[in-house]
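Structural characterization, general
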Amino acid sequence: FKMPASLKRLKPHVPLGRNYSSLPGLIGNDIKSLHSIINPPIAKIRNIGIMAHIDAGKTTTTERILYYSGYTRSLGDVDDGDTVTDFMAQERERGITIQSAAVTFDWKGYRVNLIDTPGHVDFTLEVERCLRVLDGAVAIFDASAGVEAQTLTVWRQADKHNIPRICFLNKMDKTGASFKYAVESIREKLKAKPLLLQLPIGEAKTFKGVVDVVTKEKLLWNSNSNDGKDFERKPLLEMSDPELLKETTEARNALIEQVADLDDEFADLVLEEFSENFDLLPAEKLQTAIHRVTLAQTAVPVLCGSALKNKGIQPLLDAVTVYLPSPEERNYEFLQWYKDDLCALAFKVLHDKQRGPLVFMRIYSGTIKPQLAIHNVNGNCTERISRLLLPFADQHVEIPSLTAGNIALTVGLKHTATGDTIVSSKSSALAAARRAEREGEKKHRQNNEAERVLLAGVEIPEPVFFCTIEPPSVSKQPDLEHALKCLQREDPSLKVRLDPDSGQTVLCGMGELHIEIIHDRIKREYGLETYLGPLQVAYRETILNSVRATDTLDRTLGDKRHLVTVEVEARPTETSSVTPVIEYAESISEGLLKVSKEAIESGIHSACLQGPLLGSPVQDVAITVYSLTIHPGTSTTMISACVSRCVQKALKKADKQVLEPLMNLEVTVARDYLSPVLADLAQRRGNIQEIQTRQDNKVVIGFVPLADIMGYSTVLRTLTSGSATFALELSTYQAMNSQDQNTLLNRRSGLT
């Protein structure tokens, strides 16, 4: 028997110090065909995420899952700081955070890709990005606390993306753990229908194991086995535990009734064949029905256990494979345009010191191979993948190809950033766009909708906060620039620009926490102590009346005379536009424009980048060039400089107006705390549009100026003792009233 060459390549990737009983996916001596290890059938793939409140036991559960599936030889512990996917990279060295994006393992012939979803609210972009990659999710709850504030937030996001879920009540061994209470809180707060697939045997200190309601078996973990690998499944018997059997039978009958209510096909089956005796109903039939109900998101299966005490994790893995959907069971709207061409989403970019940027991709259709040229739709560029890896726990296995539904790790893509759509070629993208357009015409949808279907990426909001960042010394400036360049590719919502006046580097981000974390990462990952300036709001400016100005530039450099005379008019536009609208009077000759049009436009754009009041970008203006005389031999930079100076002159003469960012604010708050929250918003020049009722909560929807919402998250937590959540996004820019504007200008010029 000759080993296939590709298998030999796999061997050296197994790191020393972890002796595997077998290669990942190769069980015993039965070397399956390499193809089935690398490309399992699509029905056997599960892309799942773990979502939870901070501290419900996300990391410990992940750690146990990896241990039982045979990838790690020792049980890591968060308290000791030696877990594989530690989500707190601050506690660990850089080398380990790579796996937190996606970990691949096998469980009973299924390929499971575990995708990390961050817990924090401020990173909605991160969470959204992870959620589009998932097909299903496991929500973990602390059995003693039930549904917590953060759980609600993540749950809502999963609702928005229609992700089927199963629930795991963790920490059943903790003092105060209550199965009933936790299930009740899922029913009450999340308004979900819990399907109890397990009952705990004992609670808190007495927690020994669980009862499988579907099969009527009890699972007991051996008390003297320290790692929880051995547990026994015994059918419940009338003789040994009559009480438990009675309870389980009742639970099973209730479960069957619940599922029959939600699933017609199953209801028919029950009524026809098993209406007399539910006990005869085979477990498989019940499982397929629960799978359908979970997919339809009309109910959520609930399991329980204790990750720290190693109980209940194996049944959780079984439930993932049985109840959560495979990639082909989820229908993604944009797939129909691609037929079988490659379409993948780069959902995370990480920088490895040795290998350069590593790009994690979710393949939606088609196949990826190394050395394949691919086209990046968002960046509109073509690149080549040099190596293709599968992120097996803590080692990366090189593979020859990967098909739809899988998660791949690619090396060699230099320009791909987070959230980019990857296709096989430009023509394939255009063909997909045409198909989408044809469909769109049938349904009378606008075309831009079709184009958006194509880029299944994440919409990146405009940054609204900015602050200056300074390296510790001038010699470190290049290092800082490199660090910022890498971070921008990992996180597209971070923008970096140079302030032309002061020459300082300015960070533009989504919020206060966002900028703090970036600052922290530069220190941690690139070893640079940087200094942040105060947080500032991104204002814009505009003019209120139309003004004309003329300017002449006459310079002799060497033996060349540069002479330009220009007359322009600046006027406010009716419609809102971020860039200036440029028009030319009819008197200007075509020939002249042909030569100098580019120079004129660059002059106008550069003049509009810095307004006369605050040096903020000027928007909603139209510039008309009325006359232009150019001496022969004048260089284009001189034309551009003259036009720019002339436009600035015109803007200075006009009546000016500062525009401030107005945010859409949505605060979800319990009824009891509604009035303090409203009172606080009134102080912040807030404008409340409506107050909706969502389950037990009130949702306050309104607008508030960004300048007044600085530090809001801490204030809101204090007002509502941590129970409220809020979401902010840029709505529009609105004119400031003159009083606020004068205060702002005086503050900027240092008069107040």
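Above this text sits the structure in question.
Residues numbered from 1 in each chain as written. Predicted model: local features only at pLDDT ≥ 70, side-chain atom pairs only at ≥ 80, totals over all residues. Heavy atoms only, no water.

Remarks on the overall build of the protein chain
So the rule is basically this: In DSSP terms, a helix is any run of H or I states spanning at least four residues, a strand is any run of E spanning at least two, and both are numbered starting from the N terminus. For every residue, the accessible area (1.4 Å probe, protein chains only) is compared with the maximum for its type, and the residue is labelled buried under 20%, exposed over 50%, or partly exposed between those bounds. Residue contacts are counted whenever heavy atoms from the two residues lie within 4.5 Å of one another. Exposure was quantified through the Shrake-Rupley algorithm and a 1.4 Å probe, taking into account, for residues, occlusion by the shown protein chains and nothing else.
Secondary structure assignment for the protein chain yields 20 helices and 35 strands. Among the 752 residues that make up the protein chain, the fraction classed as buried is 52%. Looking at the protein chain alone, contacts between residues at least 24 apart form 73% of all its contacts between residues at least 6 apart. Split by element, the accessible area of the protein chain, about 34400 Å² in all, is 51% carbon and sulfur.

Quick look at the sheet that holds strand β7 (residues 198-201)
The condition that has to hold: Any two strands with at least two DSSP-identified bridges between them are counted as paired. Axis lines are fitted to C-alpha atoms, over the contacting stretch for helices. Their N-to-C directions set the angle, which ranges from 0 to 180 degrees.
Read from one edge to the other, the open sheet built from 4 strands follows the order β7-β8-β9-β10, with strand pairing classed as antiparallel. For this open sheet the edge positions go to β7 and β10 (231-235), each flanked by a neighbour on one side alone. For this sheet, the mean angle separating the axes of adjacent strands, direction not counted, is 25 degrees. Here helix α7 (residues 242-262) sits on the sheet in contact with β7 and β8 (209-212), set at roughly 160 degrees to β7.

Topic: the pattern of salt bridges
Heads up, the rule is: By convention in these notes, a salt bridge is any Lys or Arg side-chain nitrogen within 4 Å of a carboxyl oxygen on Asp or Glu.
With the rule as written, the count across this model stands at 22 salt bridges. Between Glu250 and Lys246 there is a salt bridge whose closest N-O contact spans 4.0 Å. Placement of the pair is Glu250 and Lys246 together in helix α7, with a separation of 4 residues, close to one helical turn. A salt bridge links Arg387 to Glu398, with the nearest nitrogen and oxygen atoms 3.1 Å apart. With Arg387 in strand β17 (residues 387-392) and Glu398 in strand β18 (residues 395-398), this residue pair connects regions lying 11 residues apart in the sequence.

Points about unusual backbone geometry
Even without being a glycine, Lys191 presents a positive backbone phi close to 50 degrees. Structurally, Lys191 is set in the loop between α6 (179-189) and β6 (194-196). Judged by its relative accessible area of 44%, Lys191 falls in the partly exposed class. Phi angles above zero are rare outside glycine, and Asp620 is one such case at about 60 degrees. Considering the arrangement of structural elements, one finds Asp620 in the loop between α16 (590-609) and β31 (621-630). Its relative accessible area of 15% is what places Asp620 among the buried residues.

Concerning the nonpolar core
In plain terms, the rule: Put simply, buried Ala, Val, Leu, Ile, Met, Phe, Trp, Tyr and Cys residues joined by side-chain atoms within 4.5 Å make one nonpolar core.
Val138, Leu169 and Phe266 are the most contacted members of the largest nonpolar core, which totals 97 residues. With 7 residues, α7 is the largest single contributor of residues to this core. Leave out the neighbours within four places in its chain, and Phe266 touches Ile256, Val259, Ala260, Leu281, Lys285, Leu286, Ala289 and Arg292. Formed by 34 residues, the second largest nonpolar core is a distinct cluster that contains Val658, Leu674, Leu681 and Ile709.

Looking at the sheet that holds strand β30 (residues 581-584)
Strand order in this open sheet of 4 strands is β28-β29-β31-β30, and the pairing throughout is mixed. Two strands bound the open sheet, and with one partner strand each, they are β28 (547-557) and β30. Sheet twist, expressed as the mean angle between neighbouring strand axes with direction ignored, is 25 degrees. In this structure, β30 lies alongside β31, joined through 4 bridges in parallel fashion. The partner of Val581 across the bridge, within β31, is Ala622.

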